[in-house]
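Survey of secondary and tertiary structure
Residue-level listing of the chains:
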Amino acid sequence: MLAEIQVKFGTSNLEKYQETMILIKQIFESEGIMLRHGMLTKAGKLYKAWNLWQIDDFGHVSRAMENAANHPDLLAAVTGMENCVESETVHYLDSLPF
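Residues numbered from 1 in each chain as written. Predicted model: local features only at pLDDT ≥ 70, side-chain atom pairs only at ≥ 80, totals over all residues. Heavy atoms only, no water.

1. A few points about the side chain of Glu 4
Tracing the chain through its elements places Glu 4 in strand β1 (residues 2-7). On the accessibility criterion, Glu 4 (17% relative accessible area) is buried. Within the local environment of Glu 4, its side chain forms a polar contact with the side chain of Lys 48, the two groups lying 2.8 Å apart. The residues contacting Glu 4, other than those within four sequence positions of it, are Lys 48, Ala 49, Trp 50, Ser 87, Glu 88, Thr 89 and His 91. (Helix = DSSP H or I, 4+ residues; strand = E, 2+ residues; numbered from the N terminus. Buried < 20%, exposed > 50% of the residue type's maximum accessible area, 1.4 Å probe, protein only. Polar contact = N/O pair within 3.5 Å; in protein donor to acceptor, adjacent residues only side chain to side chain. Contact = heavy atoms within 4.5 Å.)

Encoded structure:
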């Protein structure tokens, strides 16, 4: 799964995003969704981040979110993202044979 995130403009928003991603990573990884790589554009649209997550199947994220509903850091993570993220597009990807 590839999450394409447009962080709100400004270094303070980028810092908040990076802090909040630590919580998101902990929550997701406690549910078996592993962050494989996080990236930020250096050329192109400013403050665009990309996170590549390893999931078991198409329903893994839904199950993980349901299971994490009572996670103690979930509210802080959601609030943090609301404050610094302009938009997010999630891509569910499949491997190619090469």
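Still more to cover.
2. Points about the confidence of the model for the chain
Overall, the prediction assigns the chain a mean pLDDT of 95, with 100% of residues at 70 or greater. By mean pLDDT, helix α2 (residues 60-67) is the weakest element of the chain at 94, and β1 is the strongest at 98. (pLDDT = per-residue confidence, 0-100.)

3. Remarks on the pairing of β1
The element β1 is extensively covered by neighbouring structure, given that 6 of its 6 residues are classed as buried. Across the two faces of β1 the burial is the same, with Leu 2, Glu 4 and Gln 6 and Ala 3, Ile 5 and Val 7 all buried. As defined by bridge partners, β1 adjoins strand β3 (residues 48-54) across 5 bridges and the pair is classed as antiparallel. In the sheet register, Ile 5 faces β3, and the bridge partner there is Ala 49. (Pairing = 2+ DSSP bridges.)

4. Here's the deal with the pattern of salt bridges
All chains considered together, the criterion is met by 3 salt bridges. Across the salt bridge formed by Glu 4 and Lys 48, the nearest N and O atoms sit 2.8 Å from each other. Note that Glu 4 is positioned in strand β1 and Lys 48 in strand β3, a separation of 44 residues in sequence. Using a relative accessible area of 16% as the deciding quantity, one classes Lys 48 as buried. (Salt bridge = Lys/Arg side-chain N within 4 Å of Asp/Glu carboxyl O.)

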